[in-house]
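Single-letter residue listing:
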Amino acid sequence: MKILVTGFDPFGGEKVNPALEAVKSLPSEIHGAEVHWVAIPTVFYQSAEVLEAEINRYHPDAVLCIGQAGGRASLTPERVAINQDDARIPDNQGNQPIDTPIRQEGQAAYFSTLPIKAMVQAIKEEGLPATVSNTAGTFVCNHLMYQALYLADKKFPNMRAGFMHIPYMTEQVVNKPNTASMNLTDIVRGIEAAIGAIVDYKDKDIKLVGGTTH
């Protein structure tokens with residue numbers, strides 16, 4: 001089994017992106033599966049072009065995209081990606097699409113095909129906070145998740161795909177009082193646990209409460 005893991009480059013004025021730093025630190029094998037990582041530009045559409053090229057080159061069985069969610073305190077596998085770009089800030093090339101469909105012919109939304117509940121449980125078993133997230137936002141993270149699932153739907157039917165957001169690294173919040181963070185070692189451990197669950201739960205997810213009231 002082959003797993004492709006992606007990590008974005010820094011954006012929004014940050015000097016580092018914990019997603020990229022974490023995926024670079026992953027082992028090459030997890031639960032017997034081969035793990036390969038690739039850096040992704042925080043740029044609408046170009047991010048998907050890089051992803052598709054790497055999928056064509058590597059032929060993974062599953063894709064796990066990783067992104068920074070500054071302010072979140074948990075590692076959060078995403079449940080759904082919506083067919084909408086609505087950028088609060090420009091991407092790294094100055095693009096700022098507003099109320100723009102990602103794929104005109106695509107579905108309104110795609111649900112993750114990764115075992116998100118099992119991923120949450122595996123991360124918690126490592127002693128780290130994890131929750132299911134029901135919004136990937138409307139920036140490049142949601143864009144890439146949607147594109148990954150669109151590609152799985154239209155071009156790579158045997159490939160599973162999904163996204164997980166991670167908190168700031170500790171050093172990013174030195175001048176951000178009262179902002180949640182996690183050290184890089186724990187972020188990497190959490191991603192490893194999530195990948196282990198992807199390997200172990202190939203056919204179906206486990207049934208655990210993961211919903212919210214608001």
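Refer to the structure presented above.
Residues numbered from 1 in each chain as written. Predicted model: local features only at pLDDT ≥ 70, side-chain atom pairs only at ≥ 80, totals over all residues. Heavy atoms only, no water.

Caption draft 1: The arrangement of the pairing of strand β8 (residues 160-166) in detail. Taking burial as the measure, the seven residues of β8 include seven buried ones, the bulk of the element. Because side chains alternate across β8, one face comprises the buried residues Arg-160, Gly-162, Met-164 and Ile-166, and the other comprises Ala-161, Phe-163 and His-165, equally buried. Across seven bridges, strand β4 (residues 62-68) lies against β8 in parallel orientation. Bridge pairing links Ala-62 to Arg-160 in β8. Of the pairings in the sheet, the one linking strand β5 (residues 76-77) to β8 comprises two bridges and is antiparallel in character. Bridge pairing links Pro-77 to Met-164 in β8. (Buried < 20%, exposed > 50% of the residue type's maximum accessible area, 1.4 Å probe, protein only. Helix = DSSP H or I, 4+ residues; strand = E, 2+ residues; numbered from the N terminus. Pairing = 2+ DSSP bridges.)

Caption draft 2: Quick peek at the sheet that holds strand β3 (residues 33-40). Reading across from one edge, β2-β3-β1-β4-β8-β5 is the order of the six strands in this open sheet, with mixed pairing throughout. Both edges of this open sheet fall to β2 (29-30) and β5, since each of them pairs with a single strand only. Packing against the sheet, helix α2 (residues 46-58) makes contact with β1 (2-8), β3 and β4, and its axis sits at approximately 150 degrees to β3. Along the sheet, helix α4 (residues 140-154) contacts β1, β3, β4 and β8; its crossing angle with β8, the most-contacted strand, is approximately 165 degrees. (Contact = heavy atoms within 4.5 Å. Axes fitted to C-alpha atoms, helices over the stretch in contact; angles between N-to-C directions.)

Caption draft 3: Examining the nonpolar core more closely. Among the nonpolar cores identified, the biggest contains 38 residues, and Leu-64, Ile-66, Met-164, Ile-191 and Ile-195 are the most heavily contacted of them. Sort the elements by how many residues they give to this core and helix α5 (residues 184-200) lands first, with nine residues. Residue contacts for Leu-64: discarding those within four places in its chain leaves Leu-4, Val-5, Thr-6, Leu-114, Met-119, Gly-162, Phe-163, Met-164, Ile-191, Ile-195 and Ile-198. (Core = buried A, V, L, I, M, F, W, Y, C linked by side-chain atoms within 4.5 Å.)

Caption draft 4: View of the side chain of Ser-74. By the element assignment, Ser-74 lies in the loop between β4 and β5. When its relative accessible area of 15% is taken as the criterion, Ser-74 is described as buried. Beyond its immediate stretch of four places on either side in the chain, Ser-74 contacts Pro-129, Ala-130, Thr-131, His-165 and Pro-167.

Caption draft 5: Molecular detail of the layout of surface pockets. Quantified by volume, the largest pocket comes out at close to 400 Å³. For the largest pocket, the lining is made up of 18 residues, of which Phe-11, Gln-68, Ala-69, Arg-88 and Phe-139 are closest to its centre. The residue makeup of the lining of the largest pocket, split by class, is seven nonpolar, seven polar and four charged. Here the second largest pocket defines a volume of roughly 210 Å³. If you trace the second largest pocket, you find 14 residues lining it, with Ser-112, Leu-114, Pro-115, Ile-116 and Asp-205 closest to the centre. Within the lining of the second largest pocket, the residues separate by chemical class into five nonpolar, two polar and seven charged. (1 Å grid on protein atoms, 1.4 Å probe; cavity = no way out; pocket = protein on both sides within 12 Å on 5 of 7 lines; lining within 4 Å. Points joined across faces, edges and corners; volume = space filled by probe spheres on them. Nonpolar A, V, L, I, M, F, W, Y, C, P; charged D, E, K, R; others polar.)

Caption draft 6: Local environment of the pattern of salt bridges. Under the definition given, this model contains eight salt bridges. Note that Arg-57 and Glu-54 form a salt bridge whose closest N and O atoms lie 2.7 Å from each other. Taken together, the residues Arg-57 and Glu-54, both in helix α2 and three residues apart, mark about one turn of the helix. Look at Arg-57 and you get exposed, because its relative accessible area is 52%. One salt bridge connects Arg-72 with Glu-78, and the closest N-O pair in it is separated by 2.9 Å. Its relative accessible area of 23% is what places Arg-72 among the partly exposed residues. Each of the salt bridges in this network shares a partner with another, and the network as a whole consists of Glu-126, Asp-186 and Arg-189. (Salt bridge = Lys/Arg side-chain N within 4 Å of Asp/Glu carboxyl O.)

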